[in-house]
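Survey of secondary and tertiary structure
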Amino acid sequence: PDDNLTAGSSNWYLYQFFEQTIHSEIELVYETFQIEHVGIQNKKSKTDICGYPTFNEKTIKLLVLGKPFIHIDPLSLKMMEMLGFENYKVLMTDKVQSWIDRDEYDIKEYINDVFENVQWLLDMDEIEYKERITEAYTIAKRNKDKTDDILYNTSLLPFIKSLF
């Protein structure tokens with residue numbers, strides 16, 4: 001087995017987990033679905049489970065860990081709220097937050113807004129940053145509690161029955 005934890009090794013996921021997820025306070029996440037394939041307008045698609053859009057392991061991992069993150073695609077911001085989770089608005093500029101309620105997306109424009117958001121966080125004075133990251137971890141705890149409830153206290157039987 002390849003025990004090397006460097007990028008490109010067979011253990012790349014562990015490398016990424018240890019080097020990025022564990023060592024950072026905030027993570028930027030890009031979901032790998034296409035906007036037109038997600039059932040945001042009540043259309044069923046391959047990425048839907050019983051009419052609900054889904055996230056992949058990138059977002060779910062952070063929800064389970066209770067770690068703050070910002071999505072690098074605007075649809076995921078909307079999906080977070082549709083699924084009852086809280087976005088980390090305390091870590092977002094008003095420009096990035098404004099994408100939550102939009103129906104049309106220009107991904108290049110949004111990514112530019114996210115880059116400006118990251119620069120805003122980097123330029124922030126230490127006291128304000130600590131206040132915001134503390135609030136973000138409070139939100140992360142609520143999102144983690146909701147995730148735990150879904151994982152451990154929600155029966156899949158109604159969803160399975162609805163498929164047939």
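In what follows, the structure referred to is the one given above.
Values in this document were obtained by computation on a predicted structure and should not be read as measured data. (Residues numbered from 1 in each chain as written. Predicted model: local features only at pLDDT ≥ 70, side-chain atom pairs only at ≥ 80, totals over all residues. Heavy atoms only, no water.)

1. Things to note about helix H2 (residues 57-65)
- Along H2, the positions that sit buried rather than exposed are Thr59, Lys61, Leu62 and Leu63.
- Of the residues one or two after H2, Gly66 is the one with positive phi, at around 75°. (Buried < 20%, exposed > 50% of the residue type's maximum accessible area, 1.4 Å probe, protein only. Helix = DSSP H or I, 4+ residues; strand = E, 2+ residues; numbered from the N terminus.)

2. Structural notes on a nonpolar patch on the surface
- A cluster of nonpolar side chains, contributed by Leu156, Phe159, Ile160, Leu163 and Phe164, occupies part of the molecular surface with about 590 Å² of accessible area.
- Position of Phe164 among the secondary structure elements: in the segment after helix H7 (157-162). (Patch = residues over 30% accessible without salt bridge, like charges linked within 9 Å, V, L, I, M, F, W, Y side chains within 5 Å. Areas by Shrake-Rupley, 256 points an atom, 1.4 Å probe, with all protein chains shown as cover. Salt bridge = Lys/Arg side-chain N within 4 Å of Asp/Glu carboxyl O.)

3. As for the pattern of salt bridges
- Overall, the coordinates contain eleven salt bridges when judged by the stated rule.
- One salt bridge in this structure joins Lys95 and Asp113, with 3.6 Å as the shortest N-O distance. Of this pair, Lys95 sits in helix H4 (residues 94-97) while Asp113 sits in helix H5 (residues 107-123), placing them 18 residues apart in sequence.
- Exposure remark for Lys95: the relative accessible area of 43% places this residue in the partly exposed category.
- A relative accessible area of 6% means that Asp113 is categorised as buried.

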